[in-house]
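An overview of the molecular structure
Read off the chains here:
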Amino acid sequence: MKTVFINCSPKKRFSASSYFLSLQRLFVGGTKVTETLRTPADHNRILEQLKDTDAVVFCLPLYVDGIPSHVLRFMLVMETFCRQNDLHFYLYCIANNGFIEGKQNEPLMHSFEHFCRRAGLSWGGGIGIGGGVMLNVTRILFAVDIAILILNTVLSVLNTGNFFPKDAWISFGENAALLLYFNLGVLFYMIRMGSAISSHKFFGKKYTRILIPSFVFIIFADIFFIIASLFEGGLFRGWLAKKTV
Ligand SMILES: Cc1cc2nc3c(=O)[nH]c(=O)nc-3n(C[C@H](O)[C@H](O)[C@H](O)COP(=O)(O)O)c2cc1C
């Protein structure tokens, strides 16, 4: 059984779509192929992968309550390709958005459902995830937690010879549990959708979000966007982008 995962975020690195794609991959069996869709140059390569696949999972951001235009352009080509090659695989979708409610992805899900009908594919359903940006940040925080734990262990070994600093481990465990909790809704549906993908079954449309109260989300989102605007939007990407001379 083969599944093609398509990361449709236009971002080259650290996209929320790549995070959710990696998570979903964990719960799907068989051969797994990951593709990125950013420009028309990617079309033919992805279409070739579709010829012998059993399932396709689109992982994409919500743009203006709909499908990003570069993905729509690919879907037009894909529709013709699937009809010409008589393809009928299952299509699933994982859509994430910046605002907190995953339900905002409903119109996007409808678009995919109609697309499947037109292209002759089997609509498998999908997951709409709210607070995608913030959930994506949890993986960065987890990496930071691991770095702090390693640092504390090194300092503990140097200062006292103790290889197991208990307080540092307790603090790491608490932080990791909190980050896991934020992701629980996503993980719950991904485990279930993974089983549907692996057994070629209809999953349906499910919506979830980062598991924090909305008023907390708004405070953090406001702080994040004020800081991001001070850096003209390129808060992290600007730092990590390759410099052109
Ligand atoms: C052009 C544009 C339009 C967007 N429109 C919406 C929207 O309508 N609703 C929403 O909740 N988030 C919207 N967002 C936020 C993205 O959905 C969000 O940042 C998402 O996590 C990006 O996913 P990615 O990192 O995989 O690209 C928009 C972002 C951009 C750049």
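Structure: above.
Nothing here was measured: the structure is a model prediction, and the numbers come from that model.

The subject of this paragraph is the site of the ligand. Taken together, 16 residues lie near the ligand, and Ser9, Lys11, Ser17, Leu62 and Asn96 sit nearest. Lysine 11 is positioned such that a nitrogen or oxygen atom in its side chain is 2.7 Å from an oxygen atom of the ligand. Taking serine 17, its side chain carries an N or O atom lying 2.5 Å from an oxygen atom of the ligand. Protein contacts shield 74% of the accessible area of the ligand, which totals 650 Å² for the unbound molecule. When grouped by side-chain class, the residues that make up the shell around the ligand number 7 nonpolar, 7 polar and 2 charged.

Attention now moves to a nonpolar patch on the surface. A surface patch of nonpolar side chains, about 860 Å² in accessible area, is lined by Phe215, Ile219, Phe220, Ile223, Ile226, Ile227, Leu230 and Phe231. With respect to the helices and strands, leucine 230 occurs in helix H8 (residues 214–230).

Another aspect to go through is the packing of aromatic side chains. Per the stated rule, a full pass over the model turns up 10 aromatic pairs. Taken together, a centroid distance of 6.0 Å and an interplanar angle of 35° make the contact between phenylalanine 142 and phenylalanine 172 tilted. Taken as a pair, phenylalanine 142 in helix H5 (residues 132–160) and phenylalanine 172 in helix H6 (residues 166–182) lie far apart in primary sequence, 30 residues in all. Between the aromatic rings of tryptophan 169 and phenylalanine 172, the centroid separation amounts to 6.0 Å while the plane-to-plane angle is 80°, which identifies the pairing as edge-to-face. One end of the pair, tryptophan 169, and the other, phenylalanine 172, are both in helix H6, 3 residues apart, so they sit about a helical turn from each other. The exposure class of tryptophan 169 is partly exposed, given its relative accessible area of 36%. Among the aromatic side chains, those forming a connected cluster through ring pairs are Phe142, Phe164, Trp169 and Phe172. Residue placement shows lysine 206 over the ring face of phenylalanine 203; its charged tip is 5.9 Å from the ring centre.

With that out of the way, let us pick up the state of the cysteines. What we call a disulfide is simply a covalent bond connecting the sulfur atoms of a pair of cysteines. Applying the stated criterion across every chain yields a total of 0 disulfides. Cysteine cysteine 8 shares no disulfide, and the gap to the nearest cysteine sulfur, in cysteine 59, comes to 7.3 Å. Classification of cysteine 8 as buried rests on a relative accessible area of 0%.

Parameters and conventions
- Residues numbered from 1 in each chain as written.
- Predicted model: local features only at pLDDT ≥ 70, side-chain atom pairs only at ≥ 80, totals over all residues.
- Heavy atoms only, no water.
- Near = heavy atom within 4 Å.
- Polar contact = N/O pair within 3.5 Å; in protein donor to acceptor, adjacent residues only side chain to side chain.
- Areas by Shrake-Rupley, 256 points an atom, 1.4 Å probe, with all protein chains shown as cover.
- Nonpolar A, V, L, I, M, F, W, Y, C, P; charged D, E, K, R; others polar.
- Patch = residues over 30% accessible without salt bridge, like charges linked within 9 Å, V, L, I, M, F, W, Y side chains within 5 Å.
- Salt bridge = Lys/Arg side-chain N within 4 Å of Asp/Glu carboxyl O.
- Helix = DSSP H or I, 4+ residues; strand = E, 2+ residues; numbered from the N terminus.
- Phe/Tyr/Trp six-rings, centres within 6.5 Å; stacked < 30°, edge-to-face > 60°.
- Buried < 20%, exposed > 50% of the residue type's maximum accessible area, 1.4 Å probe, protein only.
- Lys NZ or Arg CZ within 6 Å of the ring centre and 35° of its normal.
- Disulfide = S-S within 2.5 Å.

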